[in-house]
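# A look at the structure
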Amino acid sequence: MSKRSMINFAADSATTLRYYQLGNEPPDFDLTANDDAYRDRGAHTIDRHGPDIPLRRDPRTKTIEGRIYGDLPWAASVTRSYQWLDLSTINREVDAYVRLNWETIRADLALGHLHKGDYDAGYRIGRGYFNSGMYGTGPRRARYGETTRFNVLIRLAPGLVTATPFILSAYPWG
Amino acid sequence: MESQDLPDPLRARVGQQRWRPAMYRMRHFMQSYVADSDGTEEIYAEVRRTVITDASSVRQDLEAVEMVLKDEHVPGTLLRLVEGDGNRALDHPSDAEAAAFLHALAQLLRSALDQS
């Protein structure tokens, strides 16, 4: 076996092991516990999209609207910034997404990829702002909106012997 | 990622991802790594994590960015990639500024791959 073939065989073996460790049964997530456990690894659903973040722009603190303008402490300005309506909705809808898409999530994680998915809950799950001047149609201006849709980013926790997924972010998206 | 020895569902997923058109792959990258990031350092850190487990998929992402930048597009296409899929608000929204953002992103990917 050539050196390259041996490397590929080892990579395939590790991928296959992760796939079987992840198992047939989708995990349940509690986003508060998830973010507490994996904050150092970048988990940020509650920190950036939690229901307790002040909604309206206020230069004294981090707000959902302020992210449109890149107000401190946000590092970048965005075209859409939303928060979840409440914690139980986050957990319920993220679990629903994971259950419905587990085979794809499992494959992406086993392959070592960042899994990205989107889902329409079919009812109002988030609120926030979009930049009504995006695509160069006018000056940057935050406009309020509500949404039924969200995006999910899922990763494998680093450094564990058993493949363990965590939610990097789940965020309403208008 | 070579895939001869993988279980069927994984081989199917690899094949599905490998043959995505460049624009599709580019949009997926923007939605995955850029849209909810808070600055370039975070994008770099996440890309590095993928490089460690599957550098070939990051190379394909880089090829997609380079191809999208090389191709001609209907006006507004690059701007929608950055401000729409990437959720990044540009100071002076235009295809030229969006192209500059994507060039910087390509450089970030090269740098992340160079570390492997």
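See the structure shown above.
Residues numbered from 1 in each chain as written. Chains lettered and ligands numbered in written order. Predicted model: local features only at pLDDT ≥ 70, side-chain atom pairs only at ≥ 80, totals over all residues.

### Focus: the sheet that holds strand S3 (residues 126-131) of chain A
Residue and element names in this part refer to chain A. Pairing in this open sheet of three strands is antiparallel, and the strands run S1-S3-S4 from one edge to the other. Bordering the open sheet on either side are strand S1 (80-84) and strand S4 (142-147), each of which pairs with just one other strand. Recorded for the sheet is a direction-independent mean angle of 20 degrees between the axes of neighbouring strands. Two elements, S1 and S3, share five bridges in a ladder whose sense is antiparallel. Bridge assignment links Gln83 to a residue of S3, and that residue is Arg127. (Pairing = 2+ DSSP bridges. Helix = DSSP H or I, 4+ residues; strand = E, 2+ residues; numbered from the N terminus. Axes fitted to C-alpha atoms, helices over the stretch in contact; angles between N-to-C directions.)

### Observations regarding the sheet that holds strand S6 (residues 165-172) of chain A
The pairing of strands in a sheet comes from backbone hydrogen bonds and takes either a parallel or an antiparallel form. Residues and elements named next belong to chain A. Pairing in this open sheet of three strands is antiparallel, and the strands run S2-S5-S6 from one edge to the other. Of all strands in the sheet, those bounded by a partner on one side alone are strand S2 (115-120) and S6. With direction set aside, neighbouring strand axes in the sheet form an average angle of 20 degrees.

### Let's talk about the pairing of strand S5 (residues 149-156) of chain A
All names here are of chain A. Burial analysis of S5 places seven of its eight residues in the buried class, which makes it a mostly covered element. When S2 meets S5, the two strands line up antiparallel, connected through six bridges. In the strand pairing of S5, Lys116 is matched with Leu153. When S5 meets S6, the two strands line up antiparallel, connected through seven bridges. By the bridge assignment for S6, Asn151 is matched with Tyr171. (Buried ≥ 20, exposed ≤ 12 C-beta atoms within 10 Å, placed from the backbone.)

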